[in-house]
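The residues making up each chain are set out below.
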Amino acid sequence: LILGGSGVGNLTISSGGTVTSSAAGGAFVGQSPGSDGRVTVTGSGSRWLMNGGAFIVGLSGSGEVTVSNGGEFSGTSLTFGSVPSGTGVVAVTGAGSKETLTGSASVASAGAGTLNVTAGGEFYALRLTNGDPAGTPIGTLNLDGGSIYIGDDFTNGGVFTFTDGLLQVAAVLL
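Basis of the calculations
- Residues numbered from 1 in each chain as written.
- Predicted model: local features only at pLDDT ≥ 70, side-chain atom pairs only at ≥ 80, totals over all residues.
- Heavy atoms only, no water.
- Core = buried A, V, L, I, M, F, W, Y, C linked by side-chain atoms within 4.5 Å.
- Buried < 20%, exposed > 50% of the residue type's maximum accessible area, 1.4 Å probe, protein only.
- Contact = heavy atoms within 4.5 Å.
- Phe/Tyr/Trp six-rings, centres within 6.5 Å; stacked < 30°, edge-to-face > 60°.
- Helix = DSSP H or I, 4+ residues; strand = E, 2+ residues; numbered from the N terminus.

A. Structural detail: the nonpolar core. Residues W48, F55, L78, L115, F123 and L128 are the most contacted members of the largest nonpolar core, which totals 30 residues. If we ignore the near neighbours within four places in the chain, the residues touching F55 are A27, V29, W48, M50, V65, F73, S77, L78 and T79.

And the structure:
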């Protein structure tokens, strides 16, 4: 699944709709330089179920994913800003909104990345790395009224703004 492969791509899942994607090659939002991909999962019962493969937001382009108002995303792993030209932003906001990963999340793998968990949104992952790939903090994690649950470890090398909410981590590496 590719949104914003070489141009602009948008996907909105709403009104209780479900998208199930099964791709060994993964899913890309903002794949190529200059591309722009956006995904919105909004409303109670609205879901994106990704079975297999990595989910990359901002591979070489610009990608944005918003899970809001009770929407849900579930997958294996998530990378924001995969290469230096990539920029990825993921927002989980609103009561009942959930992003659940059975593996790892990497904010600013080699490019710029931002994770916003706000206003009752919930983010679950086995591992979370907020990166600093270029020696300058370009990974940004904002927790303001939401909850982040990490099953194994959390590594922070970027900017972490904790205004309000819950951060639950099994192991912390700062």
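B. Just the packing of aromatic side chains, in detail. Applying the stated rule across the entire model yields six aromatic pairs. Measuring from ring centre to ring centre gives 5.0 Å for W48 and F55, while their planes differ by 70°; the resulting arrangement is edge-to-face. Residue classification places F55 among the buried positions, given a relative accessible area of 1%. Consider the rings of Y124 and Y149, whose centres lie 4.7 Å apart with planes at 10°: the pair is stacked. Of the two residues, Y124 sits in strand β15 (residues 122-130) while Y149 sits in strand β16 (residues 139-156), which places them 25 residues apart along the sequence. Counting every residue linked through ring pairs, the aromatic cluster contains W48, F55 and F73.

C. Broad picture of unusual backbone geometry. Positive phi outside glycine occurs at S15, with the angle close to 55°. As for its position among the elements, S15 is in the loop between β2 (8-13) and β3 (18-22). Phi at A119 takes a positive value of approximately 50°, unusual for a residue other than glycine. Turning to its location among the elements, A119 is positioned in the loop between β14 (112-118) and β15. On the basis of relative accessibility, which here comes to 49%, the residue A119 falls in the partly exposed class.

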